[in-house]
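Residue-level listing of the chains:
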Amino acid sequence: MAETNKGRSEEEVARAFVNHYYHLFDNDRSSLSTLYNPSSLLTFEGQKIYGVEDISNKLKQLPFDQCRHLISTVDSQPSSMAGGCGGILVFVSGSIQLHGEDRPLRFSQTFHLVPLLQGSFFVQNEMFRLNYG
């Protein structure tokens, strides 16, 4: 296990990030903007969205207000970038229960977390897909 962010393993950092991300998404979506930087890129159902403002707008303008994420799996691995900074690749699968809907929607989501000098991480890359079928 790679040691990252004050001695925590990438699995611990990934799990803490996932819990934090989906808690914000389900309860205070506008606060998700704090997890991105100007260089961040989100691919949402094939659409590429660049930067904090556009990503934040996309997430706030989704066609539902209330939802609850149910996480099935979280997989992570360390990533190396130029300069050797200890990023983390995180893959999540689960379902989203939308308010008023009987059946949850299955999804897969990938995050590339990159460390900041303060010891925290930001989302450099993110990909989201609903899983139909």
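Summary of the structure given here. Since we're looking at a predicted model, the values are computed, not measured. (Residues numbered from 1 in each chain as written. Predicted model: local features only at pLDDT ≥ 70, side-chain atom pairs only at ≥ 80, totals over all residues. Heavy atoms only, no water.)

1. Observations concerning the overall build of the protein
Turning to step 1, where the next piece is worked out: Helix and strand content of the protein: two helices and eight strands.
Turning to step 2, where the next piece is worked out: The N-to-C order of helical and strand elements in the protein reads β-β-α-β-β-α-β-β-β-β.
Turning to step 3, where the next piece is worked out: The globule rule puts the C-alpha radius of gyration for 133 residues at 14 Å, and the 15 Å found for the protein is close to it.
Turning to step 4, where the next piece is worked out: Structurally, the protein occupies a C-alpha span of about 45 × 30 × 25 Å along its principal axes.
Turning to step 5, where the next piece is worked out: Counting the 133 residues in the protein, one finds 44% classified as buried. (Helix = DSSP H or I, 4+ residues; strand = E, 2+ residues; numbered from the N terminus. Rg over C-alpha atoms; globule rule 2.2 N^0.38 Å. Buried < 20%, exposed > 50% of the residue type's maximum accessible area, 1.4 Å probe, protein only.)

2. Description of the nonpolar core
Turning to step 1, where the next piece is worked out: Ranked by internal contacts, the top residues of the largest apolar core, which has 32 residues, are Tyr21, Leu59, Val90 and Phe111.
Turning to step 2, where the next piece is worked out: At the level of secondary structure, the elements contributing two or more residues to this core comprise helix H1 (10-27), strand E3 (36-44), helix H2 (51-60), strand E5 (67-80), strand E6 (86-98), strand E7 (105-115) and strand E8 (121-130).
Turning to step 3, where the next piece is worked out: Here the element with the most residues in this core is H1; it accounts for eight residues.
Turning to step 4, where the next piece is worked out: Not counting the four nearest positions on each side in its chain, phenylalanine 111 is found in contact with Phe17, Tyr21, Tyr22, Ile88, Leu89, Val90, Val92, Val123, Asn125 and Glu126. (Core = buried A, V, L, I, M, F, W, Y, C linked by side-chain atoms within 4.5 Å. Contact = heavy atoms within 4.5 Å.)

3. Quick look at the side chain of serine 93
Turning to step 1, where the next piece is worked out: On the secondary structure map, serine 93 appears in strand E6.
Turning to step 2, where the next piece is worked out: Among residues more than four places away in sequence, those in contact with serine 93 are Ile71, Ser72, Thr73, Phe107 and Ser108.

4. Focus on the environment of valine 90
Turning to step 1, where the next piece is worked out: Examined against the element boundaries, valine 90 turns out to sit in strand E6.
Turning to step 2, where the next piece is worked out: Taking the relative accessible area as the measure of exposure, valine 90 reaches 0% and is therefore buried.
Turning to step 3, where the next piece is worked out: On a C-alpha basis, the gap between valine 90 and glutamine 77 in space is 6.8 Å, while along the polypeptide they are 13 residues apart.
Turning to step 4, where the next piece is worked out: Excluding residues within four positions of it along the chain, valine 90 makes contact with Ala14, Val18, Val74, Asp75, Ser76, Gln109, Thr110, Phe111 and Leu113.

5. Quick look at the pattern of salt bridges
Turning to step 1, where the next piece is worked out: Across all of its chains, the model carries one salt bridge by this definition.
Turning to step 2, where the next piece is worked out: One salt bridge in this structure joins glutamate 45 and arginine 129, with 3.6 Å as the shortest N-O distance. Taken together, the residues span a long stretch of sequence, with glutamate 45 in the loop between E3 and strand E4 (47-50) and arginine 129 in strand E8 at a distance of 84 residues.
Turning to step 3, where the next piece is worked out: According to the relative accessible area criterion, arginine 129 is partly exposed, its value standing at 44%. (Salt bridge = Lys/Arg side-chain N within 4 Å of Asp/Glu carboxyl O.)

6. Details of the environment of histidine 112
Turning to step 1, where the next piece is worked out: Note on placement: histidine 112 falls in strand E7.
Turning to step 2, where the next piece is worked out: In the structure, histidine 112 is positioned 14 residues away from glutamate 126 in sequence and 6.3 Å away in space, judged by C-alpha atoms.
Turning to step 3, where the next piece is worked out: Polar side-chain contacts of histidine 112 include one of 2.9 Å to the side chain of serine 79. (Polar contact = N/O pair within 3.5 Å; in protein donor to acceptor, adjacent residues only side chain to side chain.)

7. Considerations on the pairing of E4
Turning to step 1, where the next piece is worked out: Pairing of E3 with E4 involves four bridges; the strand directions are antiparallel. What sits directly across from phenylalanine 44, in E4, is glutamine 47.
Turning to step 2, where the next piece is worked out: Counting the residues in the hairpin turn of E3 and E4 gives two residues, including glutamate 45, whose phi is positive at 50°. (Pairing = 2+ DSSP bridges.)

None of the figures reported here should be taken as evidence of function without further support.
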